[in-house]
Amino acid sequence: MAERKMVSLTIEGRPVSVPEGTSILEAAKAVGILIPHYCYHPGLPVAGVCRMCLVEVEKAPKLAASCATLVADGQVVRVHTERALEARKGVLEFLLINHPLDCPICDQSGECELQDYTYQEGRADSRYRDPKRFNPVEDFGGDVLYVPNRCILCTRCVRFMDDVAHDTVLNVSERGDRALIGKFEGKDLTHPWAGNVVDLCPVGALLSKDFLNKARAWELDRVASVCPSCTQGCNITIETRDSAVVRLKPRPNEDVNKFFMCDYGRMNYRWMNRTDRAESPLVRTEGALRGIDWDVGIHAAASLLRERRVFVVASPKLSNEALYLLSRLIEGSGGAGVFRVDTGDEAPLAGVEDLALRRDRAANVKGAELFGFERSESPLAKLGDGDVLVIADDDLDGIAADDLVRAAQVIVIGTTLPEAAKDAAVLLPITNVAEEEGTFTNLHGRVQRFMQAKPAPGLARPSWLVLGDLLGALGKQNGFYLPSDVFTRIAESHPAFSGLSYDSLGMRGLPVLDSDARTTTRMGEGLGMGQEATR
């Protein structure tokens, strides 16, 4: 690949070199300078309509829109001169003429760019004395409400639907101070990716019905994670309040999901807050499951597994670490592991190559296959008489209790106790994806880390810890104290994961060796180092 020509310039006295064709706004980001902007978004075509990113360029006769002005060699850019500040203050004053001062009741408050820039550069008071324009709230369909009084007409939403979703739904209706975002007749925001317009809106004009009035932005805790709802593996942020997941938002990753996530993944989080969770280890005693200490539960399960053929039905929503440890349980027993996965219609985002809501609705189908689990629509078909059946977080939906009778014993290692497994001998409660740390492997073989977002319920423990202790009780390991220890062992024992570690993965991930992207990748990209190398 030919190297791009680099251009050197100075922004606010800081020298910077960026590839030719970069905008001044993006070049400023590279040296830690944020130029205020509204209409610009790196995932959308440049519009240059808000004029909020005006900066002074030496020898230029007038202020330049930094989002639409490309860098040039020797350019000297000043962001905070009196002239630039006065121009941006004027833009803010115009934007606020009809914008209601309703921050205390606005869902965007605390994460609103109009609020931030007004505090940063705007006037302390308003000179406007006439009544403000008023338009009623409109339901745009799907999960989206439109509050026109707050709209600053940046057109991010219009450009997303036109140029990224390729579904022309929105437009700028009317003109002058009556202008607002409108829908074309017969259209609405029911597109599978339409929820992204809420993330793109820099003010509180487009709101999520699902998140409406749930929490204020400053009440939320945020953790980097990976969407568990399909094999695409979109990078997300899990937002929690009072130990409950209340919102999922996309987290940028140029190699996986750019800046977006689908509505299915966005809305599929309530199961993370289930209240019918298994919260303590149970062992069947005198015909009933009774609570016991973890040590007792682990050794009870280990005693059932010794000298038996082990058959595992695993969920492809489990982490690489858990699936690897399950494969170790099977190892040497002559047993087997299977998984099944819910499916649905694939929904691509037309304007972004290779980004789609995938048919398989679980995050780690590829990981399960790499660790030797076989996909099956009839997961108990190969269960042998006298096997020890391990149910690893599969809900056994559609399976009757009678289908399990061939097993000599049933051990459940899961977040809940399935109805079909109510006669299990042992239940070991584990945490879900929001409650533990680990990795998933997406459909292209990219391994990505997710982090713990909320505490585990009751005495439930991370899946890797439970399975690591179980292997320890069987004498098969004695060195797993962190999920990174398990991953290190995976990298040592599975050639596909060779050379990977939690440190090298960072929070953007890297592909396994047999993936489509294995020939050339960025060894440092997980840490944001940007150095080209070949794995």
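Going by the structure above, here's the rest.
Definitions and limits used
- Residues numbered from 1 in each chain as written.
- Predicted model: local features only at pLDDT ≥ 70, side-chain atom pairs only at ≥ 80, totals over all residues.
- Heavy atoms only, no water.
- Salt bridge = Lys/Arg side-chain N within 4 Å of Asp/Glu carboxyl O.
- Helix = DSSP H or I, 4+ residues; strand = E, 2+ residues; numbered from the N terminus.
- Buried < 20%, exposed > 50% of the residue type's maximum accessible area, 1.4 Å probe, protein only.
- Pairing = 2+ DSSP bridges.
- Contact = heavy atoms within 4.5 Å.
- Axes fitted to C-alpha atoms, helices over the stretch in contact; angles between N-to-C directions.
- Phe/Tyr/Trp six-rings, centres within 6.5 Å; stacked < 30°, edge-to-face > 60°.
- Parallel < 35°, antiparallel > 145°, perpendicular 65-115°, else oblique.
- Left-handed = near helix turned anticlockwise from the far one by under 90°.
- Nonpolar A, V, L, I, M, F, W, Y, C, P; charged D, E, K, R; others polar.

In this structure the tally under the stated criterion is 39 salt bridges. Note that Asp 139 is salt-bridged to Lys 209, the shortest N-O span being 2.8 Å. A residue pair is termed long-range when its members are at least 10 positions apart, and Asp 139 in strand E6 (residues 138-139) and Lys 209 in the loop between strand E10 (206-208) and strand E11 (221-226) qualify at 70 residues. You can call Asp 139 partly exposed: its relative accessible area is 42%. It is possible to trace a salt-bridge network through shared partners that takes in Glu 93, Arg 123, Asp 125 and Arg 127.

One open sheet holds the 3 strands; their spatial order is E6-E7-E10, and the pairing between them is antiparallel. Edge positions in the sheet fall to E6 and E10, since each of these pairs with one other strand and no more.

Overall, antiparallel pairing links the 3 strands, which are arranged E24-E25-E26 in an open sheet. On the outer flanks of this sheet lie strand E24 (438-441) and strand E26 (510-511), each paired with one strand and no other. Note that E24 and strand E25 (residues 446-450) share 4 bridges and pair antiparallel. Its bridge partner lying in E25, Thr 441 is registered against Val 447. Strands in contact with helix H8 (residues 320-330) are E24 and E25; relative to E24, the strand with the most contacts, it is inclined by about 85 degrees.

Applying the stated criterion across every chain, the model contains 9 aromatic pairs. Ring geometry for Phe 371 against Phe 497: centres 5.5 Å apart, planes inclined by 15 degrees, an arrangement best described as stacked. Taken together, the residues span a long stretch of sequence, with Phe 371 in the loop between helix H9 (365-370) and strand E20 (374-375) and Phe 497 in the loop between helix H11 (483-493) and helix H12 (502-505) at a distance of 126 residues. The class of Phe 497 is buried, set by a relative accessible area of 0%.

Looking now at the pairing of strand E21 (residues 388-392). Buried residues dominate E21, accounting for 5 of its 5 residues. Going residue by residue along E21, you find Val 388, Val 390 and Ala 392 tucked away on one face and Leu 389 and Ile 391 tucked away on the opposite face as well. Pairing between strand E16 (residues 310-314) and E21: 5 bridges, direction parallel. Bridge pairing links Val 310 to Val 388 in E21. Two elements, E21 and strand E22 (residues 409-414), share 5 bridges in a ladder whose sense is parallel. Residue pairing across strands places Ile 391 opposite Val 412, the latter belonging to E22.

Our next topic: helix H4 (residues 156-164). Summarising burial for H4: 7 of the 9 residues are buried, a large majority. Those residues of H4 that fall on the buried side of the exposure criterion are Arg 156, Cys 157, Val 158, Arg 159, Phe 160, Met 161 and Val 164. Taken together, the buried residues of H4 touch helix H3 (113-121), strand E8 (170-173), strand E9 (180-183), helix H5 (196-200) and E10. Positive phi shows up at His 166, right after H4, with a value of about 55 degrees.

A separate point is the environment of Leu 323. For Leu 323, the position within the fold is in helix H8. The spacing of Leu 323 and Leu 153 is 170 residues in sequence and 49 Å in space, taken between C-alpha atoms. Discounting residues that sit within four places of it in the chain, Leu 323 has contacts with Ala 314, Ser 315, Leu 318, Asn 364, Gly 367, Ala 368, Phe 371 and Phe 373.

Describing two packed helices takes the angle between their axes plus the distance from one axis to the other. Relative to each other, H8 and helix H10 (residues 463-473) sit at 20 degrees, their axes nearing to 9 Å. As judged from the angle between their axes, H8 and H10 are roughly parallel. As for the relative orientation of H8 and H10, their crossing is left-handed in sense. Seen from H8, the contacting residues are Glu 321, Ala 322, Leu 325, Leu 326, Arg 328 and Leu 329; seen from H10, they are Ser 463, Trp 464, Leu 467, Gly 468, Leu 470 and Leu 471. Along the lines of polarity and charge, the residues of the contact of H8 with H10 split into 8 nonpolar, 2 polar and 2 charged.

The next thing to look at is the environment of Asp 345. Relative to the helices and strands, Asp 345 is located in the loop between strand E17 (336-339) and strand E18 (347-348). Put simply, Asp 345 and Arg 375 are 30 residues apart on the chain and 19 Å apart in space, counted from C-alpha to C-alpha. In this structure Asp 345 touches Leu 357 and Arg 361, once residues within four positions along its chain are discounted.

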